[in-house]
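Chain residues, written in single-letter form:
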Amino acid sequence: MRLLAIVATLLGACVPFAAADELALSPRNASYRIDVRLDAAARTLEGRETVTWRNIQETPTRELWFHLYWNAWRNDRSTWLLEDRARERAGGPAKEIRDEDWGWIEVDSVAFSGVALARRYAPDDGNPEDRTVLVVELPEEIAPGESVAVDLAFRAKIPRTFARTGFRGDFFFLAQWFPKLGVYEAGGWNCLPFHAATEFYSDYGEYRVAMTVPEGFVLGATGRETARSANSDGTTTYTHEQADVHDFAWTTSPDYLVREGRFEEPGLPPVDLHLLIQPEHAGQAERHLAAARAALLHYGTWYGPYPYGHVTFIDPAYGSGAGGMEYPTLFTCGTRLFAPQENDQPESVTIHEAGHQFWYGIVGNDEFEHAWLDEGLNTFSTVRALDTAYPASRRFVRRYLPEPGRGRGRGRAGFLPLVFQDIEVPRFIDRLDRYRDAAGSDDPSTPTFRYRPETAADITYSKTMLWLGTLERELGWDVLQKILATFFERYAFRHPEPEDFFAVAEEVAGQDLSWFFDQVYRSAVTFDYAVGRVASIPVEPRGFVEQDGKLVLADRPQGDDDSAGAERRWRSEVVVERRGDGTFPVDVLLVFEDGEERRERWDGQARHTTYVCEAKSKLRHAIVDPQRKLLLDLDRTNDSRLREPEPDLPATKWASKWMLWFQDFLVTIAFFA
Amino acid sequence: MRALAIGLRVLGGNMRLLVGLWLTSLVVAAPLALAVRSSLEESIGPSLVHESLQKGFDMAWHGEYAQAARGIERSVRPSMAGGGALLDNAEAWLTGNLFQQDPTLVGVGVLYALLWTFLLGGVLDRLAHPDGERSAGRFARACGAYFPRFLLLTGLAGALYYGVYRSAGWLLGRVEEWTRDVTTERTVLAITLAAWAAVALALVVVYVWLTLARVSLVKGDRPGALAAVWHGGSVLLRRPQRTLGAYLVYAALGAGLVSLYVVIAPAAGPASIAGLLLAFALGQACLLVKLALRFGVLAALTEEYGRACADWTQAVSTGGPGRSSK
């Protein structure tokens, strides 16, 4: 204990690379100093790192748990690959992995003050062949508040891209590339094996990383460049530093073009924008920069300012599979040679990944177990930012001229895009379609790594986006924005749990929302409201009525139409049904033929309810949830009902389009005759 | 240009035949279109989706429809709107995905192809003997007379096309191999384009070859199907520029037609009955022109075959090359 206390004192006396006067935003309890060299020809890394860890929990520990993520691709027995293969097989034959494609990381030594430490692999998921978690045994316990520094030497073979990490040609994207500490929590070390359905979780700290790459390679990395030196062996060493982040990623390639920009908005801190873009996409640089600015503006305004002052974003090499991923102060986006403005690429991915700087980067939830907290909140925010900053999205397909090896089966991608200008696609629709297919697969409260791999993303991203959208429509944007801003402010540079979010939501909304979270988070119930029946009949009774104390036959109404004059009144009846298990209060809108509208509110609890009313004209139609608040409703078509279905022009129209397609299909197939 | 002139000339004299071929596609497609219409009607029901689908397309509705779709309903998709319909089929022709549609559609397509095989006898007879009798009886007799041998050729064509698509799979696999470390889309696009162009050319070669074989049968030069295949191949090998060139001229015109249609055809619109009729007429007109182009190819290849035979005859009479093949 005394020894460690000394170390702690020394560490306190000479904080390795943080400016002493810099105000720490985070606990900075897991810091790294790394020297790494890339052998681009051999596609290997060789590095040394010093990890300084401070115990910020209230219990001691005498172990350090490290993630060795790249061992997920060491062979096909890793937990990640077993799960990924299962996911891929669900969508068709799994992608072939060749000998050169594998990757691994080996820790050659771990030492404390020059003394080697014992270490062991520690898979805790019943898969003894997984090598993605390494436990290092310390000579003494680290008490709460104490620190320890250990030195590691490691080598790694860079894989052909898995999970956005790897190489293609001389393009390298290197994430999760170093032995990285898990998170020591109240219950012990949270350091799960690498699972296919999850991302990452780490403590905040300070990073100083020196990366040596071949001369002429352009480099982008987390943090700001603080030094660059040309070496006598034909290499260049770049040093980047960054505090208050929980990860470090970098990329290098001789092909990148560098474009600089700046984000400046009143009331928000300025941000230097550093874009590394592929030469063939140089013409799209401004679109990337504009999208990043839009993200920083809207997320900054809605939730809180971006504090780092700089961000680097990467347009990865074609086919590298590295696009669309977030890392602290760095993210990858991705675009295509032909990228029509009507489609959201590259804007959508740029805003989404820039948005992760807020949800994931600043609010650092556990992505192993609660990935929805960042992915879901961020997907919701992305859709909102896109809707705010860009015109409506159009139907778009990129299928023509199929690409070799990209996508299989119906998901096969193509080079050439086709935009359907007159088919507008609300941005949440894609999410609803994905959720619909996965609605019952998992309760979102299930730890993410236990989700069914093939539907995990649909629950994590899409369902959360949809229920947040529902909450926005129910509570109002002002309230939801305040909920998200409060959550952001309260848990910035911390590791919130789902219950923290729910507590903030109820606190800010000033109401018990457990009925809602129980359904959308703690269960897999589905929602479906429908208008089951609509009818209008004359108010005047038919048959016998009492008149002067006698039963007389009522005057027969003159026809069923409105020709009987202004005095005629109609009794309309609407039956609204709850066909799903989920309940949600809904409005019911009754629209009459003379344009009159009546709105009713139903608590949505019973299996059905009936509205009866009298009016001057017959009912034209009824709609349940007319403002479409309940985005989780799986069947929108049955939400409305016309009393008298109109001529079937739409069916004829679309059948005629189908017919032309099929005639052309016949003529095309006749080629083979 | 000569191929074009031939096509136009022959087309002028065979408009009824062309319209007949177009009507055939209409008649075959109509029952299935009615089934699709019925399915759409059922799905839309009395809902207000009715209005959104009349004005344009409703992606929310389509997501629900697609999830519940079975059989031919699965082929209802937004990309079949406007020019997307033609592009979808063009791509499917190139990749062989035409045969991966719903089995009912493929089955009807195969039957249609057999019908086409049957009618081809009459069509080629008329093209090969422009001065002959032009009665329906002769057309029908020709259809019947050539059908067994044409069927044999269709079977052979099927085997060859299958081979082309298998080779395409192999070729695209090689392209993937060659481009594994290429980091620019432009380069991969160029290589892929070249690969697909090779596939398209192979499909066209088979088509031209076996069409020349059919012309050979109709012209009466070769009574047996296999001999006709040999003879058609000889013509193709001796006049590749003329025969393939004729096809490619028409293919270029077809590409132009599709491009024009993509630009002018309403995708999700229109909303009125008049607009709907106009859009339908526009689509049918496009199809008619596409059939006319197909007709033009047949006419041009028939003409080229005749010229090749004439050249050989002349070569034989002058003792030049070509003796051995005639």
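Basis of the calculations
- Residues numbered from 1 in each chain as written.
- Chains lettered and ligands numbered in written order.
- Predicted model: local features only at pLDDT ≥ 70, side-chain atom pairs only at ≥ 80, totals over all residues.
- Heavy atoms only, no water.
- Helix = DSSP H or I, 4+ residues; strand = E, 2+ residues; numbered from the N terminus.
- Buried < 20%, exposed > 50% of the residue type's maximum accessible area, 1.4 Å probe, protein only.
- Contact = heavy atoms within 4.5 Å.
- Lys, Arg positive; Asp, Glu negative; His and termini not counted.
- Charge placed at Lys NZ, Arg CZ, Asp CG, Glu CD.
- Domains from an automatic or database assignment.
- Core = buried A, V, L, I, M, F, W, Y, C linked by side-chain atoms within 4.5 Å.
- Pairing = 2+ DSSP bridges.
- Salt bridge = Lys/Arg side-chain N within 4 Å of Asp/Glu carboxyl O.
- Axes fitted to C-alpha atoms, helices over the stretch in contact; angles between N-to-C directions.
- Polar contact = N/O pair within 3.5 Å; in protein donor to acceptor, adjacent residues only side chain to side chain.
- Phe/Tyr/Trp six-rings, centres within 6.5 Å; stacked < 30°, edge-to-face > 60°.
- Lys NZ or Arg CZ within 6 Å of the ring centre and 35° of its normal.
- Parallel < 35°, antiparallel > 145°, perpendicular 65-115°, else oblique.
- Left-handed = near helix turned anticlockwise from the far one by under 90°.
- Buried area = accessible area lost by both parts, 1.4 Å probe.
- Nonpolar A, V, L, I, M, F, W, Y, C, P; charged D, E, K, R; others polar.

Enquirer: Give me the lowdown on the overall build of chain A, citing residues and values where you can.
Expert: Counting secondary structure elements, chain A contains eleven helices and 34 strands. Overall, the C-alpha framework of chain A stretches about 110 × 70 × 55 Å when taken along its three principal axes. The buried share among the 673 residues of chain A stands at 60%. Put simply, 71% of the contacts in chain A that link residues at least 6 apart link residues at least 24 apart. A distance of 4 Å separates the average location of the 76 positive side-chain charges in chain A from that of its 106 negative side-chain charges.

Enquirer: Can you break down the environment of Val-108 of chain B residue by residue, with the values?
Expert: Its place among the elements puts Val-108 of chain B in helix 6 (residues 103-128). Classification of Val-108 of chain B as buried rests on a relative accessible area of 18%. It is 36 Å that separates the C-alpha atoms of Val-108 of chain B and Ala-190 of chain B, two residues lying 82 residues apart in sequence. Residues within four places of Val-108 of chain B in sequence aside, it is in contact with Phe-662 and Leu-666 of chain A together with Val-28 and Leu-32 of chain B.

Enquirer: Outline the domain arrangement of chain A, listing residues and values.
Expert: For chain A, the domain assignment lists domain 1 (29-203) and domain 2 (529-629). Distance between the C-alpha centres of domain 1 of chain A and domain 2 of chain A: 65 Å.

Enquirer: Before we move on, can you summarise the nonpolar core with the specific residues and values?
Expert: The biggest cluster of nonpolar side chains holds 301 residues, and the ones touching the most others in it are Val-150, Trp-177, Trp-250, Trp-467 and Phe-501 of chain A. With 17 residues, the top contributor of residues to this core is helix 8 (residues 185-219) of chain B. Both domains that furnish three or more residues to this core are identified here as domain 1 (29-203) and domain 2 (529-629) of chain A. Each residue touching Phe-501 of chain A, except ones within four places of it in the same chain, is listed here: Trp-372, Leu-373, Leu-377, Trp-467, Leu-468, Ile-483, Leu-484, Phe-487 and Phe-517 of chain A.

Enquirer: So what about the sheet that holds strand 3 (residues 61-67) of chain A? Which residues, and what values?
Expert: Strands pair in a sheet through their backbones, by hydrogen bonds, and they do so in one of two ways: parallel or antiparallel. All names here are of chain A. One open sheet holds the four strands; their spatial order is 6-7-3-11, and the pairing between them is antiparallel. Across the chains shown, the open sheet's two edge strands, defined by having one partner strand only, are strand 6 (119-121) and strand 11 (180-181). Inspection of the sheet shows strand 6 paired to strand 7 (residues 133-142) by three bridges, in the antiparallel sense. Counted as the bridge partner of Arg-120 is Val-135 from strand 7.

Enquirer: Provide a residue-level description of the pattern of salt bridges, including the pertinent values.
Expert: This structure, assessed with the given rule, holds 59 salt bridges over all chains. For Arg-336 of chain A, the salt bridge goes to Glu-185 of chain B, with nearest N and O atoms at 2.8 Å. Of this pair, Arg-336 of chain A sits in the loop between strand 23 (330-332) and helix 4 (347-355) while Glu-185 of chain B sits in helix 8, placing the two residues on different chains. The exposure class assigned to Arg-336 of chain A is buried, which follows from its relative accessible area of 5%. Salt-bridge contacts for Glu-507 of chain A lead to Arg-490 of chain A; the nearest nitrogen and oxygen are separated by 2.9 Å. Of this pair, Glu-507 of chain A sits in helix 9 (residues 498-509) while Arg-490 of chain A sits in helix 8 (residues 477-491), placing them 17 residues apart in sequence.

Enquirer: Which residues make up the sheet that holds strand 32 (residues 608-615) of chain A, and what values do they have?
Expert: Residue and element names in this part refer to chain A. Ordered in space as 26-29-32, the three strands form an open sheet in which the pairing is antiparallel. A strand with exactly one partner marks an edge of an open sheet, and here the two such strands are strand 26 (529-538) and strand 32. Neighbour-to-neighbour, the strand axes of the sheet open up by a mean angle of 15°, direction not taken into account. Judged from the nine bridges that link them, strand 26 and strand 29 (residues 570-578) form a sheet pairing that is antiparallel. Residue pairing in the sheet places Tyr-529 in a bridge with Arg-578 of strand 29.

Enquirer: Go over the environment of Lys-657 of chain A with me, naming the residues and quoting the values.
Expert: Residue position: Lys-657 of chain A is located in helix 11 (residues 649-669). Given a relative accessible area of 9%, Lys-657 of chain A falls into the buried group. Sequence separation between Lys-657 of chain A and Val-209 of chain A is 448 residues; the distance between their C-alpha atoms is 59 Å. Ignoring sequence-local partners within four residues, the contact set of Lys-657 of chain A consists of Met-80, Ala-81, Pro-266, Ala-267, Ala-268 and Gly-269 of chain B. Looking at Lys-657 of chain A, its side chain comes within polar contact range of the main-chain oxygen of Ala-267 of chain B, at 3.0 Å.

Enquirer: Can you lay out the packing of aromatic side chains for me, pointing to particular residues and giving the numbers?
Expert: All names here are of chain A. For the structure shown, the criterion picks out 75 aromatic pairs over all chains. Relative to Phe-501, the ring of Trp-372 has its centre 6.1 Å away and its plane inclined at 85°; by these criteria the two rings are edge-to-face. Of this pair, Trp-372 sits in helix 5 (residues 372-389) while Phe-501 sits in helix 9, placing them 129 residues apart in sequence. Here Trp-372 matches Phe-501 in class, with each residue buried. Its end group placed over the ring of Trp-477, Arg-384 keeps NZ or CZ at 3.6 Å from the ring centre.

Enquirer: Quick one: what's the story with the packing of helix 3 (residues 285-302) of chain A against helix 5 of chain A, residue by residue and with numbers?
Expert: Residues and elements named next belong to chain A. Orientation of helix 3 relative to helix 5, taken along the N-to-C sense of each, is 115°, at an axis distance of 10 Å. Judged by the inter-axis angle, helix 3 sits roughly perpendicular to helix 5. Of the two possible hands of crossing, helix 3 and helix 5 adopt the one that is right-handed. When helix 3 is examined against helix 5, the residues Ala-294, His-298, Tyr-299 and Trp-302 are found in contact with a partner set consisting of Asn-378, Ser-381, Thr-382, Arg-384, Ala-385, Thr-388 and Ala-389.

Enquirer: Requested: an account of the interface of chain B and chain A, with residues and values cited.
Expert: At the interface, 104 residues of chain B touch 78 residues of chain A. With both sides pooled, the region where chain B packs onto chain A buries about 8,400 Å², and carbon together with sulfur makes up 66% of that total. Among the residues of chain B in contact with chain A, Arg-180, Thr-183 and Glu-185 of chain B are the three that bury the most area, contributing 10% of the side total. At the boundary of chain B and chain A, one finds ten salt bridges. Put simply, Asp-648 of chain A and Arg-37 of chain B hold a salt bridge, and the shortest N to O gap is 2.3 Å. Counting every contact that joins chain B to chain A gives 42 residue pairs in polar contact (both at pLDDT 80 or more). In terms of residues, the side of chain B that touches chain A owes the most to one element, helix 2 (residues 15-44) of chain B, which gives 14 residues. Split by residue class, the side of chain B that touches chain A holds 62 nonpolar, 25 polar and 17 charged.

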